[in-house]
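Coordinates in review
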Amino acid sequence: MATGKEIVVSGIRSTGFLHLGNYFGAIRNYIRMQEDYDCYFFVADWHSLTTHPDPKDLRGNVFRVLAENIASGLDPEKVALYAQSDVPEIAELYLLLNMLAYKGELEKVPTFKDKVRLQPQNVNAGLLTYPVLMSADILVHRAVKVPVGKDQEQHLEMARNFAQRFNNRYGQLFPEPVAFNFGDNLIRIPSLDGTGKMSKSENEMATLYLADTDEQIRKKIMKAKTDSGPLEPGAPMPETIANLFLLMQQVSAPAVISDFERAYQDQAIRYGDLKKQLAEDMVRFIAPIREKAQELQQDKPYLNRIMKAGAEKARASAAQTLQAARKLIGIDYY
Ligand code: TYM
């Protein structure tokens, strides 16, 4: 459908509970983009299969991600919201792009190397070609902007490479998509223990989920690592403290943040107070999303309707791209 608006695509894997990293890295941008762009947002259920989830968990996981997206403020009337597996054109484009992707470059991708370390018993071809499937998700709608967190930057570079390679070999079809964030930089929400980033499946106590209860939120934040405070005026902020301020910047009032920043500079800061404030502001932020998402998950017919309508819109756009791609490659026999 030609609306004249720029095309935007992004997806979230249905592998666990959504957390603040997903929200501030991706979903917050989705919500801001839904008015001014032609948006395609999806649940990456094929991508989740690399780790062989139990078949009876799939539906619930997909519905939860959909519900959490809508509860966060996505309007399914404005954007196409769908499951990746409902758009078979993505699989076809994945196959075509695989012919232009080289084993050597795929083996060098940092996320692949991480997975090899984490699950050496299951290094399947789906894992190796994960960035090709992701490129197909994006290129199938000829998207130009892809709202994602910092961890996906490299995957976007690969999508640009594949687009370029296709265009050079067969003729111009794909724009080169860029990773997008409002503001200058892509975001990385750190974990509460200061050892990495918030993540769906690792270090649960150090990750804040959109489904966490008020008590869980308070407990996790009060346990976050701190130290005994700045030793001299103007001392550089250690990472664990900077992380708490970064979270505060997402959910607390500007005046509250600057009070704590001043207290830090004056060496008068009490980390217990900082964490209590952050915990209460976080509860206020997460609770309405959690409650709305729970309510939406009860309404299966509604979620089914949304998914179907989203898939229809996505397939219409994807079919046009595939028709053009087949023609350029020479697969147009009739
Ligand atoms: P996934 O499911 O791991 O994460 C979904 C989105 O959340 C962002 N994110 C973060 N941002 C900031 N800080 C964090 N700690 C953090 N953790 C996660 C991710 O950057 C992402 O934007 N491969 C993708 C899913 C995908 C996709 C696509 C994305 C499949 N096809 C096409 C965009 C376009 C992934 O695993 O994201």
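All values derive from a computational prediction rather than experimental measurement. (Residues numbered from 1 in each chain as written. Predicted model: local features only at pLDDT ≥ 70, side-chain atom pairs only at ≥ 80, totals over all residues. Heavy atoms only, no water.)

It is worth spelling out the overall build of the protein chain at this point. From N to C terminus, the protein chain includes 14 helices and five strands. Taken against the 2.2 N^0.38 rule, which gives 20 Å for 334 residues, the C-alpha radius of gyration of the protein chain at 21 Å falls within 12% of a compact globule. On the principal axes, the C-alpha backbone points of the protein chain span a range of 75 × 45 × 45 Å. Looking at the protein chain as a whole, 49% of its 334 residues are labelled buried. Across the protein chain, contacts joining residues at least 24 apart in sequence account for 78% of those joining residues at least 6 apart. For the protein chain, the computed accessible surface area is about 16200 Å², with 51% contributed by carbon and sulfur atoms. Across the protein chain, the centroid of the 41 positively charged side chains sits 3 Å from that of the 42 negatively charged ones. (Helix = DSSP H or I, 4+ residues; strand = E, 2+ residues; numbered from the N terminus. Rg over C-alpha atoms; globule rule 2.2 N^0.38 Å. Buried < 20%, exposed > 50% of the residue type's maximum accessible area, 1.4 Å probe, protein only. Contact = heavy atoms within 4.5 Å. Areas by Shrake-Rupley, 256 points an atom, 1.4 Å probe, with all protein chains shown as cover. Lys, Arg positive; Asp, Glu negative; His and termini not counted. Charge placed at Lys NZ, Arg CZ, Asp CG, Glu CD.)

When the UniProt feature table is mapped onto this chain, "short sequence motif: 'HIGH' region" (unreviewed entry) is found at residues 14-22. Summarising residues 14-22: 33% helix, 0% strand, and an end-to-end C-alpha distance of 12 Å. (UniProt positions renumbered as here; feature names shortened; annotations may be inferred.)

In the region of the ligand, 27 residues are neighbours, and Y130, D137, G149, D151 and K200 sit closest. Here Q152 contributes a side-chain N or O atom positioned 3.2 Å from a nitrogen atom of the ligand. Here a nitrogen atom of the ligand sits 3.1 Å away from a polar atom, N or O, in the main chain of M198. Starting from 710 Å² of accessible surface for the ligand in isolation, the protein chains cover 98%. (Near = heavy atom within 4 Å. Polar contact = N/O pair within 3.5 Å; in protein donor to acceptor, adjacent residues only side chain to side chain.)

Here we come to the pairing of strand β2 (residues 38-44). For a regular strand, side chains alternate in direction, first toward one face of the sheet and then toward the other. Counting buried positions over the seven residues of β2 gives seven, a clear majority of the element. Taking every second residue as pointing to the same face, both faces of β2 are buried, with D38, Y40, F42 and A44 on one and C39, F41 and V43 on the other. Here strand β1 (residues 7-13) pairs with β2 via seven bridges, running parallel. Following the sheet pairing, G11 is matched in β2 by F42. The parallel pair β1 and β2, bridged by helix α1 (residues 20-33), forms a crossover whose chirality is right-handed. Pairing of β2 with strand β3 (residues 80-83), which is carried by four bridges, proceeds in the parallel orientation. Looking at the pairing, V43 lines up with A83 of β3. (Pairing = 2+ DSSP bridges. Right-handed = clockwise from strand over helix to strand, strands pointing away.)

Moving on: the nonpolar core. Ranked by size, the top nonpolar core spans 60 residues in total, and within it L20 and M282 carry the most contacts. Residue contributions to this core peak at 10 residues, all from helix α13 (residues 271-298). Mapped onto the domain boundaries, this core takes at least three residues apiece from domain 1 (7-187 + 299-329) and domain 2 (212-293). Apart from the residues within four sequence positions on either side, L20 is in contact with G25, I189, M198, L208, L210, L247, M282, F285 and I286. Within the second largest apolar cluster, 42 residues are counted, among which are L100, L128, A163 and L322. (Core = buried A, V, L, I, M, F, W, Y, C linked by side-chain atoms within 4.5 Å. Domains from an automatic or database assignment.)

Domain annotation for the protein chain reports domain 1 (7-187 + 299-329) and domain 2 (212-293). Each of domain 1 and domain 2 has a C-alpha centre, and the two are 33 Å apart. Contact with domain 2 buries surface across domain 1, with L20, F24 and A71 losing the most and accounting together for 62% of the total. Our count for the domain 1 to domain 2 interface comes out at zero salt bridges. For the pair domain 1 and domain 2, the number of links is one residue pair in polar contact (both at pLDDT 80 or more). (Buried area = accessible area lost by both parts, 1.4 Å probe. Salt bridge = Lys/Arg side-chain N within 4 Å of Asp/Glu carboxyl O.)

What follows covers the packing of helix α11 (residues 239-251) against helix α12 (residues 254-265). In contact at an axis separation of 10 Å, α11 and α12 are set at 160 degrees when each is read in the N-to-C sense. Here α11 lies roughly antiparallel to α12, going by the angle between them. In this structure, α11 crosses over α12, and the sense of that crossing is left-handed. For the pair α11 and α12, contact is made by I241, F245, M248 and Q249 and by V256, I257, F260, E261 and Y264, respectively. In the contact of α11 with α12, the residues fall into seven nonpolar, one polar and one charged. (Axes fitted to C-alpha atoms, helices over the stretch in contact; angles between N-to-C directions. Parallel < 35°, antiparallel > 145°, perpendicular 65-115°, else oblique. Left-handed = near helix turned anticlockwise from the far one by under 90°. Nonpolar A, V, L, I, M, F, W, Y, C, P; charged D, E, K, R; others polar.)

The next subject is the packing of aromatic side chains. Per the counting criterion, the structure on display carries 10 aromatic pairs. Centroid distance F17 to Y209: 6.4 Å. Interplanar angle 70 degrees. Geometry classified as edge-to-face. Placement of F17 in the loop between β1 and α1 and of Y209 in the loop between β5 (178-180) and α10 (214-223) is noted, with a sequence separation of 192 residues between them. A ring pair is formed by F42 and Y82, whose centres lie 5.6 Å apart and whose planes are at 25 degrees; its orientation type is stacked. Here F42, found in strand β2, pairs with Y82, found in strand β3; they are 40 residues apart in sequence, far enough to count as distant. Here F42 matches Y82 in class, with each residue buried. Here a set of aromatic residues connected by ring pairs shows up, and it is made of Y23, F24 and F285. Sitting above the plane of the F17 ring, R64 keeps its charged end 3.9 Å from the centroid. (Phe/Tyr/Trp six-rings, centres within 6.5 Å; stacked < 30°, edge-to-face > 60°. Lys NZ or Arg CZ within 6 Å of the ring centre and 35° of its normal.)

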